[in-house]
Amino acid sequence: MPPSLTNPSNPMSDIHSNLSQRVLAASMELRDSVNGMQFAEPTTHVYNPLDYAWEPYADYVQKFAHPNVDVVFLGMNPGPWGMAQVGVPFGEIEAVRNWMGVQGTVTRPQYEHAKRPIDGFACQRSEVSGRRLWGLFRDRFGSADKFFQNHFVLNYCPLVFMEASGRNRTPDKLSAPERQQLHEACDAHLRKVVEWMQPSWLIGIGKFAASRAVEAGLAPGVNVEWILHPSPASPAANRDWAGMAERKLIDIGVWSDR
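We now turn to the structure provided with this report. Every chain's residues receive numbers from 1 upward, in the order its sequence appears when written. Per-residue local features of the predicted model are confined to residues with pLDDT of at least 70, and side-chain atom pairs are confined, for both listing and counting, to 80 or more; whole-chain, interface and lining totals are unaffected and use all residues. Excluding hydrogens and water, the side-chain values take into account all heavy atoms of the structure.

1. Some words on the pairing of strand E4 (residues 160-163)
No. 1: For every residue, the accessible area (1.4 Å probe, protein chains only) is compared with the maximum for its type, and the residue is labelled buried under 20%, exposed over 50%, or partly exposed between those bounds. For the purposes of this entry, the term helix denotes a DSSP run of H or I that reaches at least four residues, the term strand denotes a run of E that reaches at least two, and both are numbered from the N terminus. Burial along E4 is two-sided: Val160 and Met162 and Phe161 and Glu163, pointing in opposite directions, are all buried.
No. 2: Bridge analysis of strand E1 (residues 43-47) against E4 gives 4 bridges, and the strand direction is antiparallel. Across the sheet, His45 pairs through a bridge with Met162, a residue of E4. At least two bridges found by DSSP between two strands are what make those strands a pair.

2. Description of unusual backbone geometry
No. 1: Geometrically, the link from Glu41 to Pro42 is a cis peptide bond, its omega value of 15 degrees lying close to zero.
No. 2: Summarising the element assignment, Pro42 is placed in the loop between helix H1 (11-35) and E1.
No. 3: Of note in this structure, Phe90 is not a glycine but carries a positive phi near 55 degrees.
No. 4: If you trace the backbone, Phe90 turns up in the loop between helix H4 (83-86) and helix H5 (93-99).
No. 5: One non-glycine residue, Gln198, lies in positive phi territory at about 55 degrees.
No. 6: Within the element layout of this structure, Gln198 appears in the loop between helix H8 (176-197) and strand E5 (201-205).

3. Some details on the environment of Phe208
No. 1: Mapped onto the secondary structure, Phe208 falls in helix H9 (residues 207-216).
No. 2: Linking Phe208 and Tyr156, residues 52 residues apart in sequence, is a C-alpha distance of 9.6 Å.
No. 3: The contacts of Phe208, once residues within four sequence positions are left out, are Met76, Tyr156, Pro171, Asp172 and His183. The contact criterion used is simple: two residues touch if any of their non-hydrogen atoms lie within 4.5 Å.

4. Structural notes on helix H3 (residues 54-64)
No. 1: Burial of H3 is extensive: 8 of the 11 residues sit out of reach of the surface.
No. 2: Of all the residues in H3, the buried ones are Trp54, Pro56, Tyr57, Ala58, Asp59, Tyr60, Val61 and Phe64.

5. What to know about the sheet that holds strand E3 (residues 151-155)
Strand pairing in a sheet relies on backbone hydrogen bonds, with the paired strands running either antiparallel or parallel.
No. 1: Pairing is parallel in the open sheet, where 4 strands are placed in the order E3-E2-E5-E6. With partners counted over all chains shown, the strands left at the sheet margins are E3 and strand E6 (223-227), one partner each. Across the sheet, the mean angle separating the axes of adjacent strands is 25 degrees when strand polarity is ignored.
No. 2: Direction of pairing for E5 relative to E6: parallel, over a ladder of 5 bridges. Looking at E6, one finds that Trp201 is bridged to Asn223.
No. 3: Inter-axis angles, ranging from 0 to 180 degrees, are taken between N-to-C directions of lines fitted to C-alpha atoms, where helices are fitted over the stretch in contact. Taken strand by strand, H8 contacts strand E2 (71-75), E3 and E5, and its axis lies near 175 degrees from that of E3.

6. Considering the packing of H8 against H9
No. 1: Close contact between H8 and H9 brings their axes to 9 Å; oriented N to C, the two are set at 80 degrees. For the element pair H8 / H9, the angle class is roughly perpendicular. From H8, His183, Asp187, Leu190 and Arg191 reach across to H9, where they touch Phe208, Arg212, Ala213 and Ala216. Working definition: roughly parallel below 35 degrees, roughly antiparallel above 145 degrees, roughly perpendicular at 65 to 115 degrees, and oblique for all remaining angles.

7. Some details on the pairing of E3
No. 1: Burial of E3 is extensive: 5 of the 5 residues sit out of reach of the surface.
No. 2: Here E3 shows two buried faces, one formed by His151, Val153 and Asn155 and the other by Phe152 and Leu154.
No. 3: With 5 bridges connecting them, E2 and E3 associate as parallel partners. Looking at E3, one finds that Leu74 is bridged to Leu154.

8. Concerning the nonpolar core
No. 1: In this text, buried Ala, Val, Leu, Ile, Met, Phe, Trp, Tyr and Cys residues form a nonpolar core when linked through side-chain atoms within 4.5 Å. With 77 residues, the main nonpolar core has Tyr60, Phe73, Met100, Trp134, Phe137 and Leu190 as its most contacted residues.
No. 2: Of all the elements, H8 adds the most residues to this core, at 8 residues.
No. 3: Of all hydrophobic cores here, the second largest spans 7 residues; its members include Tyr47, Tyr52, Ala84 and Ile118.

Below you can see the structure in the form of structure tokens.
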């Protein structure tokens, strides 16, 4: 059912606002659900940026989430120097602040790891994956508004997992019972957002995200594909990741050649 229109003089603006509010409500539900979960060692610290970086995340959604996009890009979970800092998926700070114009107060998680401090927009570290991803979109589309006319970027899981050493622990490394409870909540959230946005494509940023989209059971008509993750930990991604990703998206018909 389409959202109701509250302002006949500007119906498209109202549809946009209605969708963004629904996404934020679903994000609150996801936030509260995962906050109630327990994770055993070797996981020692869990950050949820939907708590302490809610303001910039909400600003991102209110600015850019709208129905009938062509493509939803889906990442796995927050990186320590990106979304973990400022709440935006793949949140390279320069891109979030200066390209997207996203703002908001960031506080700190309740239990902070000494080696993984949260400094918000004052963080001096660079999220390489985010720099590569948003750099590709900026180079191809120019402005953030033009990119987000037909695209949106989500993360499947909102949580950051760390071991005692500060080492990042990805969701696929969790125990089977931990993965099951996490997948149930994240799958439900993903299904809602995709149903509301009605994209033609969901592009996993890495195989894990694409596999979760398939397992979640998205609405009919959504084509699921994946591109190489831009992480510097991947040797292949360090060899012209942007060129490879753009070529893959052109070859499968998501983007046109130029």
